[in-house]
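# Examination of the molecular architecture
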Amino acid sequence: MSGHSKWSTIKRKKGANDAKKGKIFTKLVREVTTAARLGGGELQSNPRLRAAIAAAKASRMPADNIERAIKKGTGVLEGPPVEEVAYEGYGAGGVAFYVEAQTDNRHRTSSDVRAAFSKQGGNLGATGSVSYLFTKRGVVCFAQSDCSEAQLLDALLDAGADELRCEEGQWVLECAPQDLPAVIDAADAAQLRYDSAAISMLPETTIPVGGEEAEQVMRLFERLDDLDDVQNVHSNFTLTAAEA
């Protein structure tokens, strides 16, 4: 399966600025809280929470922040009620977008997402209109300078890793979503440092875009990703050689 780097490259380029604004930590905390609220605070019985904590640790989030997020999710600490919602739509050139959000005001979030699509020449679609174009996968990224292909395969194959490839100086490892916590545990045990770990929606096929379409698609991606309530933006575009 391919396509992960086609849009995650943009997120990596934005990463430094987002971190300065605290947006990455905000989204990670929200996911830990939601995972704890839905499945409880016990790691062994809540694989989603384990994956959320792994992603938080990969971004160097302090342990105290993680602990507070879990307590909010389990009700030990007070916090506003939050629900999960997904939005599906199309951008320029027929590019598909799948947007995951967590919000305490569905009307506000829906309005913000709809406005983002409208301003960049896209259209918000009905539930199910694009989700079939993506597959949910666990994705862990390692810097090539930190480890070798052989090290990753030796340590992580038995834990559930089922695909490994090189993309732009990174090893990108995939696994079934339910195997992500075990893969992270195995990486930790082998002292293999990972740059990111998350459950993602990867496109089955990609659509090449260039010129004005590429600019519109990238602006839409960034506008959606910048919305406070949006957790993740997934898309199936790839840039043509002239735009990459």
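In what follows, the accompanying structure is described. On a predicted model such as this, the values are computed, not experimentally measured, just so you know.

What counts, and where the lines are drawn
- Residues numbered from 1 in each chain as written.
- Predicted model: local features only at pLDDT ≥ 70, side-chain atom pairs only at ≥ 80, totals over all residues.
- Heavy atoms only, no water.
- Axes fitted to C-alpha atoms, helices over the stretch in contact; angles between N-to-C directions.
- Helix = DSSP H or I, 4+ residues; strand = E, 2+ residues; numbered from the N terminus.
- Parallel < 35°, antiparallel > 145°, perpendicular 65-115°, else oblique.
- Left-handed = near helix turned anticlockwise from the far one by under 90°.
- Contact = heavy atoms within 4.5 Å.
- Nonpolar A, V, L, I, M, F, W, Y, C, P; charged D, E, K, R; others polar.
- Phe/Tyr/Trp six-rings, centres within 6.5 Å; stacked < 30°, edge-to-face > 60°.
- Buried < 20%, exposed > 50% of the residue type's maximum accessible area, 1.4 Å probe, protein only.
- Pairing = 2+ DSSP bridges.
- Salt bridge = Lys/Arg side-chain N within 4 Å of Asp/Glu carboxyl O.
- Polar contact = N/O pair within 3.5 Å; in protein donor to acceptor, adjacent residues only side chain to side chain.

Let's shift gears to the packing of helix α5 (residues 106–119) against helix α8 (residues 211–226). Closest axis-to-axis distance for the α5/α8 pair is 9 Å, and the angle between their directions is 165°. What the angle tells us is that α5 and α8 run roughly antiparallel. Crossing of α5 against α8: the hand is right-handed. Judged by residue contacts, V113, A116, F117 and K119 of α5 engage L220, R223 and L224 from α8. Class assignment for the residues of the contact of α5 with α8 results in five nonpolar, no polar and two charged.

Moving on: the packing of aromatic side chains. Think of a pair of aromatic rings as described by two things: how far the centres are apart, and how the planes are tilted against each other in angle. Going through the model one piece at a time under the given rule, you end up with four aromatic pairs. The interplanar angle of 90° and the centroid separation of 6.1 Å between the aromatic rings of F97 and F117 together place this pair among those described as edge-to-face. Separated by 20 residues along the polypeptide, F97 in strand β2 (residues 96–103) and F117 in helix α5 bring together distant segments of the chain. We classify F97 as buried; its relative accessible area is 0%.

Time to look at the environment of P81. In this structure, P81 sits in the loop between α4 (63–74) and β1 (83–90). Using a relative accessible area of 69% as the deciding quantity, one classes P81 as exposed. With 21 residues separating them in the primary sequence, P81 and Q102 have C-alpha atoms 10.0 Å apart. Apart from residues lying up to four places away in sequence, P81 is in contact with T103 and D104.

As paired strands, strand β5 (residues 161–167) and strand β6 (residues 170–175) are joined by six bridges and run antiparallel to one another. Directly across from L164, in β6, lies its bridge partner L173. The hairpin turn running from β5 into β6, its antiparallel successor, is two residues long, and E168 in that turn takes a positive phi close to 50°.

Per the counting criterion, the structure on display carries 13 salt bridges. Of the charged contacts in the structure, one is a salt bridge between R137 and D162, with a shortest N-O distance of 2.5 Å. Taken together, the positions of R137 in strand β4 (residues 134–143) and D162 in strand β5 put the pair 25 residues apart, joining distant regions of the chain. Taking relative accessible area as the criterion, R137 reaches 11% and is therefore assigned buried.

Looking now at the sheet that holds β6. Within a beta sheet, neighbouring strands are joined by backbone hydrogen bonds and run either parallel or antiparallel to one another. Here we have four strands laid out as an open sheet, ordered β5-β6-β4-β7, and antiparallel in their pairing. Each edge of the sheet is formed by a strand with only one pairing partner; in this case those strands are β5 and β7 (196–203). Here the strands of the sheet are splayed against their neighbours by 35° on average, with no regard to which way each runs. Relative to β7, β4 runs antiparallel, the two being bridged by eight bridges. Of the residues in β7, the one forming a bridge with C141 is S196. The strands touched by helix α6 (residues 149–156) are β4, β5 and β6; relative to β5, the strand with the most contacts, the crossing angle is about 165°.

What follows covers the side chain of T109. Looking at the element boundaries, T109 is found in helix α5. Side-chain polar atoms of T109 contact the side chain of T103, separated by 2.7 Å. Setting aside chain neighbours within four positions, we find T109 in contact with Y87, A101, T103 and D229.

Even without being a glycine, R60 presents a positive backbone phi close to 65°. Note on placement: R60 falls in the loop between α3 (47–58) and α4. Residue R60 is classed as partly exposed on the basis of its relative accessible area, which comes to 41%.

The subject of this paragraph is the pairing of β1. Summarising the sheet, β1 and β2 pair through eight bridges and their orientation is antiparallel. Looking at the pairing, E88 lines up with Y98 of β2. As consecutive antiparallel partners, β1 and β2 are separated by five residues, and within that stretch G93 has a phi angle of approximately 75°, a positive value. Of the pairings in the sheet, the one linking β1 to strand β3 (residues 123–125) comprises three bridges and is antiparallel in character. By the bridge assignment for β3, G89 is matched with L124.

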